[in-house]
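Here is how the chains run, residue by residue.
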Amino acid sequence: MNFRSSLACTSSDIARWGLRSVLKRQGGVLPGRIAMKIDPELLSDLASLVDRSVVITGTNGKTTTSNLIADAVAASGATVVCNRAGNNMEPGVVGALLEARGGLKHTSSGKRVGVFECDELYTVRVLPKLKPTYFVLLNLFRDQLDRYGEIDHTQDVIAHALELSPTTTLVYNADDPLCASIAARVPNTSIAFGIDGATGTESDRISDSRFCSQCNAPLEYDYVQYGQLGAYHCPSCGWARPALVRRVTDVELTCDGYGFDLTFGPDANAPAVHIATRYNGLYMVYNVAAAFFAAHELGVDAAHLQPTLNAYVPAGGRMGRWDIAGRTVEANLAKNPVGFDRQIQSIKTAGGRLCAFFLNDNDADGHDVSWIYDVDFERIADTPGLVAFAGGTRAHDMQVRLKYAGIDAAIISDVAQAIGAVADEAADDTFYAVANYTAFPPLVKELDGLKDDDASSIVSHAVTRADGSAVPTDIAPVELSRPLRIVYLYPDALNLYADGGNVIALERRCAWRGIPVRVDEVHMGETLDLTDADIVMMGGGSDRDQLAVAHELLAQKDKVAAYVEDGGTLLAICGGYQLLGRSYYMGEDRIEGLGVIAAETVRGSDRLIGNVAVKTDLSPEPFVGFENHGGRTLLDAEATPLGTSVVTGTGNNGDDGFEGIIYKGVIGTYLHGPALPRTRARRLAHHPRPRAPRRCAGHSPAAAQAPRRHLRAHRSRRRHEAPPLTPHHHKGDRHLCGGFDPPRQFVSICNI
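Here we summarise the structure given alongside this text.

Reading guide: rules and limits
Residues numbered from 1 in each chain as written. Predicted model: local features only at pLDDT ≥ 70, side-chain atom pairs only at ≥ 80, totals over all residues. Heavy atoms only, no water. Pairing = 2+ DSSP bridges. Helix = DSSP H or I, 4+ residues; strand = E, 2+ residues; numbered from the N terminus. Axes fitted to C-alpha atoms, helices over the stretch in contact; angles between N-to-C directions. Buried < 20%, exposed > 50% of the residue type's maximum accessible area, 1.4 Å probe, protein only. Contact = heavy atoms within 4.5 Å. Core = buried A, V, L, I, M, F, W, Y, C linked by side-chain atoms within 4.5 Å. Expected span 1.5 Å × (residues − 1). Phe/Tyr/Trp six-rings, centres within 6.5 Å; stacked < 30°, edge-to-face > 60°. Lys NZ or Arg CZ within 6 Å of the ring centre and 35° of its normal. Parallel < 35°, antiparallel > 145°, perpendicular 65-115°, else oblique. Left-handed = near helix turned anticlockwise from the far one by under 90°. Nonpolar A, V, L, I, M, F, W, Y, C, P; charged D, E, K, R; others polar. Salt bridge = Lys/Arg side-chain N within 4 Å of Asp/Glu carboxyl O.

### Some thoughts on the sheet that holds strand 30 (residues 661–663)
Okay, step 1: Pairing within the open sheet is mixed, and its 6 strands lie in the order 19-18-20-21-31-30. Each having just a single partner strand, strand 19 (517–522) and strand 30 make up the two edges of the open sheet. If you compare each strand with its neighbour and ignore which way they point, the axes differ by 15° on average.
Okay, step 2: Summarising the sheet, strand 21 (residues 569–573) and strand 31 (residues 666–669) pair through 4 bridges and their orientation is parallel. Counted as the bridge partner of Ala 572 is Gly 668 from strand 31.

Structure representation (structure tokens):
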């Protein structure tokens, strides 16, 4: 080490001593940050402290997998350094090595192993300096799109990191086509692992990408485990899931949890070991498999694996259980759609019916919470006796989402209020609490503090439970000659920002008025039929997925143009909005659009990201939403914008102050959120729809009044009051807390 690196190490030691001895804090990432301020290349020097190392990354499961690897390697007799607390950026890795360097220097050569969790975007900083022996890639899902950007960007970063560390062996989840595509493009030696065979689990409603990385055609699946994970192949070019070199076989869910075999080779007679877990989530099968396959590569004998899992205690309270006044409370972390979906599935599998969901939108969480509309809360909506609560800084958004799923949830400020509210429920019913990133540590801290409280103390915190009245029932149906037809274009490709929540909102709002509705999803490769469509919806997708849709729609653009020119109602969000124009850009390539609106989209130097409010003639109140786009949309002089942006530097291009477009029955906008749940339905519904009356006929004026009568009655008995406006809540949510006026667009469509 040179003088600078020695000074960096000493400064780190002093900072750690001060934090622990004086401030009584663990230290966290600060000592590493201080050291790197002095010597930014310190990690390269510290890398020599270990003989072998493994870096673990992926959207979900990094901390669990890293700690399991570290435990297994330690059980084999090696000395392990690991950033166990989850400080997974470069300063966290540096800090872990600095703290352990004394012990590592006194450990015999060959027995020093580094196990490091790493943030996906920091792999490009860590791998070139650390040069790990192995790199474990778990999965890639949407996560904090306002920080990470689209998954394509994350893939590029990880691939570049591997290219800068060519001696590193890639151990990757081949069931994930997004991981397999990285393995296909880098020169590194690789080891593919996955589940060999269908597990029969309920697949997710939404996946993050099911398109071929080689030719962009839709992938076909022999079976799906969850999300986009499964056995896939491309019918166009032949690309398929790579052959599994490490296999998970004979997966079985028992009353005690999942059991399975780990097979350490592609052949039927390869060595194998049986693993029994106490977890009922399939995601834990992947985490355990990744950990133990990596541990095996690091020389850990198979005899250490099951004892390691038996002794494993998740970090930071994850998957923790507490006994609170005689009731078991289980808490789990979930920070993105797939993570939340896995927790919902686990609750369903366990027969859980008491639950609370906490949603924050702090910097570490991401400020865009649109993704909750891709969480399949509907899975548990029919659970007998379900009791639900919503908490966190975006509790009202979570309450709204749950209502659309058919779940009436009470707002809580802490978990004690929820546990107290269910004190009269059977004591053997577990209470499940699921929280996102920054909501989870306070939840764990509160549960730790409640362990010694007696039943009467817990009950004193209780809030009034939701009674189900917020979700309309017993609605008189409107008599129509046919159901209202909503056509949802390419939900498998254009749903990156949960724009499908708009379809959920439209469908439920119709149902609450007794209006029969049918949602027809048009997927890639299917013929587009808009002849009797009443509303068409299209959202935004990643660059690759949007390109596939562009090619698909260009062959059928006359149908879209005819529908629009005939006054058809079309809501296009973000990428869908861009596709309606003459052209847009993907990187340096100009992509031809449908040309049905007077606009084109050019490249921007950066992305426009943040909350947006739009003043519009359609409403006395602004429309609200969240934008995240790199393109700059320019309207022709004669085009009519949806409105003007209240926030400077937002909207179509950040310069002219315009947001969106209105053309005949078309509304194009960059507003995610999703737009309809966040903006009062009657506002967007004011947009005229002249052709609709002749589409739905054969109903009576008397029947048309039924929804209005029901909603008036519903308002009269409503339980929720509109919460005060806060930075995390707006007037657009009020209608979901106690009834709302029928959208005029629906009135026009159905001639009522």
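### Concerning the pairing of strand 1 (residues 52–57)
Okay, step 1: Where burial is concerned, most of strand 1 is hidden: 5 out of the 6 residues are buried.
Okay, step 2: As paired elements, strand 1 and strand 3 (residues 112–117) share 5 bridges and run parallel to each other. What sits directly across from Val 55, in strand 3, is Phe 116.
Okay, step 3: Where strand 1 meets strand 4 (residues 134–137), 4 bridges bridge the pair, whose relative direction is parallel.

### Some words on the pairing of strand 21
Okay, step 1: Most of strand 21 sits inside the fold, with 5 of its 5 residues counted as buried.
Okay, step 2: Where burial is concerned, the two faces of strand 21 agree: the one with Thr 569, Leu 571 and Ile 573 and the one with Leu 570 and Ala 572 are both buried.
Okay, step 3: Bridge count for strand 20 (residues 535–538) against strand 21 is 4 bridges, and the pairing is parallel. Note on strand 21: the bridge partner recorded for Met 537 is Leu 571.

### So, the sheet that holds strand 1
Okay, step 1: The strand order 2-3-1-4-5-6-9-10-11 describes an open sheet built from 9 strands, whose pairing is mixed. Both edges of this open sheet fall to strand 2 (79–82) and strand 11 (272–276), since each of them pairs with a single strand only. Between one strand and the next, the sheet's axes are offset by a mean angle of 15°, whatever the strand orientation.
Okay, step 2: Pairing of strand 9 (residues 246–254) with strand 10 (residues 257–263), which is carried by 6 bridges, proceeds in the antiparallel orientation. Note that in strand 10 the partner of Glu 252 across the bridge is Gly 259.
Okay, step 3: Of the strands in this sheet, strand 1, strand 2 and strand 3 are in contact with helix 4 (residues 62–75), which crosses strand 3 at around 170°.

### Considering unusual backbone geometry
Okay, step 1: Note the cis peptide between Gly 673 and Pro 674, where omega equals -15°.
Okay, step 2: With respect to the helices and strands, the residue Pro 674 is situated in the loop between strand 31 and helix 21 (675–678).
Okay, step 3: Positive phi is not limited to glycine here, since Cys 574 has a value of about 50°.
Okay, step 4: Relative to the assigned elements, Cys 574 resides in the loop between strand 21 and helix 20 (575–580).
Okay, step 5: On the accessibility criterion, Cys 574 (7% relative accessible area) is buried.

### Side note on the nonpolar core
Proteins that are soluble and globular tend to have nonpolar side chains buried together.
Okay, step 1: Phe 357, Phe 377, Leu 570 and Leu 580 are the most contacted members of the largest nonpolar core, which totals 87 residues.
Okay, step 2: Ignoring sequence-local partners within four residues, the contact set of Phe 357 consists of Phe 340, Ile 344, Ile 347, Phe 377, Ile 380, Phe 389, Ala 390, Gly 391, Met 398, Leu 402 and Val 434.
Okay, step 3: Listed in part, the 50 residues of the second largest apolar core include Leu 98, Val 126, Ile 151 and Leu 244.

### Some points on helix 17 (residues 501–512)
Okay, step 1: Helix length check: helix 17, at 12 residues, gives a terminal C-alpha distance of 16 Å against a target of 16 Å (1.5 Å per residue), a fit within 8%.
Okay, step 2: Of all 12 residues that make up helix 17, 9 are buried, and the element is covered over most of its length.
Okay, step 3: Phi turns positive, to about 80°, at Gly 514, one or two residues after helix 17.

### Quick word on the packing of aromatic side chains
Okay, step 1: Counted by the stated rule, this structure contains 14 aromatic pairs.
Okay, step 2: An angle of 35° between the planes, with centres 5.6 Å apart, marks the rings of Tyr 232 and Trp 239 as tilted.
Okay, step 3: Judged by its relative accessible area of 2%, Tyr 232 falls in the buried class.
Okay, step 4: Where Tyr 373 meets Tyr 404, the ring centres are 6.4 Å apart and the plane angle is 55°; that geometry is what we call tilted. With Tyr 373 in the loop between strand 14 (354–358) and strand 15 (387–391) and Tyr 404 in helix 13 (residues 395–404), this residue pair connects regions lying 31 residues apart in the sequence. Take Tyr 373 and Tyr 404: they sit in the same class, and that class is buried.
Okay, step 5: Within the aromatic cluster, the residues linked to one another by ring pairs are Phe 340, Phe 357, Trp 371 and Phe 377.
Okay, step 6: A cation sits over an aromatic face here: Lys 403 above Trp 512, 4.9 Å from the ring centre.
Okay, step 7: In this structure, Arg 603 is placed above the aromatic ring of Tyr 585, and the distance from its NZ or CZ to the ring centre is 4.7 Å.

### Looking at the environment of Tyr 283
Okay, step 1: For Tyr 283, the position within the fold is in helix 10 (residues 282–297).
Okay, step 2: A C-alpha to C-alpha distance of 9.9 Å links Tyr 283 and Ser 346, two positions 63 residues apart in sequence.

### Considerations on the packing of helix 4 against helix 10
Okay, step 1: Relative to each other, helix 4 and helix 10 sit at 40°, their axes nearing to 8 Å. One finds that helix 4 runs oblique with respect to helix 10. Helix-helix and strand crossings are classified by hand; for helix 4 and helix 10 the assignment is right-handed. On helix 10, the residues touching Thr 64, Thr 65, Leu 68, Ile 69 and Ala 72 of helix 4 are Met 284, Asn 287, Val 288, Ala 290, Ala 291, Phe 292, Ala 294 and Ala 295.
Okay, step 2: Residues of the contact of helix 4 with helix 10, tallied by class, amount to 10 nonpolar, 3 polar and no charged.

### Here's the deal with the pattern of salt bridges
Okay, step 1: Summed over all chains, the structure comprises 31 salt bridges.
Okay, step 2: Note that Arg 353 and Asp 429 form a salt bridge whose closest N and O atoms lie 2.9 Å from each other. You can see Arg 353 sitting in the loop between helix 12 (337–349) and strand 14 and its partner Asp 429 sitting in the loop between helix 14 (415–421) and strand 17 (431–435), a full 76 residues away along the chain. Pair check on accessibility: Arg 353 and Asp 429 agree, each one buried.
Okay, step 3: Taking the shortest distance from any N to any O, the salt bridge between Arg 401 and Glu 378 comes out at 2.9 Å. Of the two residues, Arg 401 sits in helix 13 while Glu 378 sits in the loop between strand 14 and strand 15, which places them 23 residues apart along the sequence.

It is worth stressing that arrangement in space is one thing and function is another; only the former is reported here.
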